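Commentary on secondary and tertiary structure
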Amino acid sequence: MTTNSTLLSPCPNLIDGAWVDPKGATSDVFNPSTGEVIAHAPVSGSAEINDAVEAASRAFPAWRETPAVERARIFFRFRQLVEASFDRLCACVSREHGKTLVEARGSLFRGLENIEYACGIPSLLMGDTLEIARGVDCESIHQPLGVCAGITPFNFPIMVPLWMFPVAIACGNTFVLKPSEKVPLGAVMLGQLLKDAGLPDGVFNIVHGGRASVDAILTHPKVRAISFVGSSPVARHIYETGTRHGKRVQANGGAKNYIVVMPDANVPKTIEALSTAAFGCAGERCMAGSTAITIGAAAARLLPDLVQAAKAIRIGRTDGENLTTQPDMGPVITAAHRDRVVELVSQSASEGAKIVCDGRGARVQDAPKGFYVGATIVDEVAHEMTIAREEVFGPVLNVMRMDDLDSAIELANRSQYGNGAAIFTQSGGAAREFKQRIKAGMVGINVGVPATMAMFPFTGWDDSFYGDLHIQGREGVQFFTQQKVVSTRWLGGTGPDAADVWRKE
Ligand code: NAD
């Protein structure tokens with residue numbers, strides 16, 4: 001075992017192309033596998049946000065004048081650099097967040113697809129044209145907004161920032177990223193790769209910090225649009241405050257995703273999918289399948305093997321220090337979060353649920369101070385229980401038993417959230433009924449984690465999303481641009497110099 005994990009990583013802000021080391025207060029960044037501090041992130045406030053926004057504002061005129069094909073070329077180079085640094089970036093995600101290397105790779109592929117999507121910006125920005133009357137042409141043009149900002153959560157340190165800034169910048173905007181203070185290091189690596197790709201100074205800026213830096217973004221008069229991903233209470237705050245200050249906001253919130261298992265479901269495939277959906281990334285996914293609703297005989301057919309599969313999940317450190325034994329699952333993000341997950345599970349037992357696979361006491365021998373919770377299954381969960389209503393965001397699967405699909409849809413639709421939902425069945429009729437009636441923006445049919453890819457919008461509903469235009473896909477392009485519609489009629493000249501009168505010289 002090496003001692004690399006004890007070295008502090010630098011975590012500067014990036015303002016106007018220059019790396020700026022923290023001058024004031026800092027917050028600790030942990031390696032959740034071991035509980036060690038691995039970096040100190042600047043706790044920035046309005047001064048740093050103002051510096052970044054002003055730099056982005058100065059960079060905007062030249063950047064918006066840069067043709068879309070040239071802007072795209074920078075993202076082709078950026079994509080190449082991200083791919084060349086793939087292993088280093090994955091190692092960073094595993095170390096600061098706790099994802100296994102396999103999970104980190106998966107998240108980085110999703111991120112790469114967003115860069116690839118942004119590379120298509122010359123086509124994506126093309127407008128429409130039509131002759132609307134005799135001799136009158138109409139054309140639509142998509143123009144950038146100006147300075148845009150992104151505020152990101154801890155659970156995907158690199159992927160979620162990549163949902164935002166490649167398309168925003170490719171559209172001709174300049175950008176200020178405020179990463180999660182719990183996982184700031186991946187963003188620093190992306191900032192350096194953008195510089196290496198030749199992005200002009202000031203077009204992309206990073207300011208680390210917590211609430212004070214976010215509030216400064218929300219009220220800064222030069223910020224035109226804010227893309228946010230995080231928990232629902234904060235998403236609502238961002239949406240309400242940002243829009244009150246005249247900004248466009250897209251704010252993705254938390255989730256509670258149901259997976260309905262019909263009695264005719266393919267048992268081994270469903271167990272595999274449920275296990276991945278509930279325990280993948282230690283349950284720290286907004287698309288985690290955190291509640292299985294079994295219909296009729298499905299519980300008896302499924303549960304014994306599902307419990308065995310959960311008990312077989314090996315937890316361990318993911319920080320690259322012990323590569324010979326890559327675990328199936330890593331830690332959760334902080335000690336406080338581990339304690340909350342454990343508390344919610346304990347509370348469910350006191351409210352009448354049955355813990356049939358118990359990960360509360362999980363320990364990892366070579367990392368006694370890591371933040372671990374083992375895979376947990378709570379059976380006989382009822383809607384009134386706290387664990388049924390709150391987002392647990394840990395490796396915990398609730399099981400609810402129901403008699404028919406109608407009751408399952410009715411129950412799932414009572415949730416305040418509406419991010420994802422899935423059904424496992426061989427019946428086309430049941431799948432269609434579910435698809436039509438379920439109150440969720442992303443639906444899986446025999447797909448446990450129906451998270452959308454870069455070319456489709458990430459379509460959360462209800463408290464899982466505040467705003468109008470979702471992140472990713474064409475909606476993402478629309479969010480970061482404003483349309484201009486030009487109607488043109490050419491009139492015959494009346495004098496010999498008429499053709500030249502529009503020229504200044
Ligand atoms: P969080 O809401 O605590 O933090 C998100 C961001 O907001 C961070 O950058 C943080 O610094 C900032 N922030 C936190 N509290 C704030 C406050 N009071 N005022 C202003 N800013 C504040 O979320 P998290 O714990 O980092 O991430 C997990 C959450 O994100 C989960 O609820 C998960 O479901 C959600 N999430 C949603 C999606 C989606 O697409 N819907 C994707 C990933 C994660």
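Examining the nonpolar core
Grouped together as the largest cluster of nonpolar side chains are 70 residues, with contacts concentrated most on Phe78, Ile121, Phe165, Ile169, Phe175 and Phe204. Top contributing element to this core by residue count: helix H6 (residues 159–170), with 10 residues. No fewer than three residues from each of domain 1 (5–253 + 465–486) and domain 2 (257–445) sit in this core. If we skip the residues at most four places from it in the chain, Phe78 touches Ile115, Leu162, Phe165, Leu190, Leu193, Leu194 and Ala197. Counting residues in hydrophobic clusters, the runner-up holds 58 residues, among them Leu274, Cys357, Val381 and Ala412.

Notes on the sheet that holds strand E18 (residues 420–424)
Two modes of strand pairing occur in sheets, parallel and antiparallel, and in both the strands are linked by backbone hydrogen bonds. The strand order across the open sheet built from seven strands is E14-E15-E16-E13-E12-E18-E19, with neighbouring strands paired in mixed fashion. Two strands in the sheet have a free side with no partner beyond their single neighbour: strand E14 (354–357) and strand E19 (442–445). Taken pair by pair, the neighbouring strands of this sheet meet at an average axis angle of 20°, ignoring direction. Sitting on the sheet, helix H12 (residues 335–350) touches E14, strand E15 (376–379) and strand E16 (396–402), and the angle it makes with E15 is about 25°.

A look at the sheet that holds strand E22 (residues 481–489)
Spatial ordering of the open sheet is given by E5-E6-E22, a layout of three strands whose pairing is antiparallel. If you trace the sheet from one side to the other, it starts and ends with strand E5 (129–133) and E22, each paired once. Strand-to-strand, the axes of this sheet are offset by a mean angle of 30°, without reference to chain direction.

What about unusual backbone geometry?
Phi is positive for Ala282, close to 50°, though the residue is something other than glycine. Turning to its location among the elements, Ala282 is positioned in the loop between helix H10 (267–279) and strand E13 (289–295). Relative accessible area serves as the criterion here: at 2%, Ala282 is assigned to the buried category. A positive phi angle, near 60°, is found at Phe393, a position not held by glycine. You can see Phe393 is positioned in the loop between helix H13 (386–389) and E16.

Rules used in this analysis
The residue numbering used here restarts from 1 in each chain and proceeds along that chain's sequence as written. Residue-level local features of this predicted model are given only where pLDDT is at least 70; pairs of side-chain atoms are given and counted only at 80 or more, and the full residue set underlies all totals for whole chains, interfaces and linings. Excluded from the side-chain calculations are hydrogens and water; all other atoms, namely the structure's heavy atoms, are used. Here the nonpolar core consists of buried residues drawn from Ala, Val, Leu, Ile, Met, Phe, Trp, Tyr and Cys, with membership extended through side-chain atoms lying within 4.5 Å. Each residue gets one of three labels from its accessible area relative to the maximum for its type: buried under 20%, exposed over 50%, partly exposed in between, using a 1.4 Å probe on protein chains only. Each helix is a run of DSSP H or I of at least 4 residues and each strand a run of E of at least 2, with the numbering of both proceeding from the N terminus. Residue ranges labeled as domains rest on an automatic or database domain assignment. We call two residues contacting when some pair of their heavy atoms lies within 4.5 Å. Two strands pair if DSSP finds at least two bridges between them. Comment: axis = line fitted to C-alpha atoms, over the contacting stretch for helices; angle = value between 0 and 180 degrees taken between N-to-C directions.

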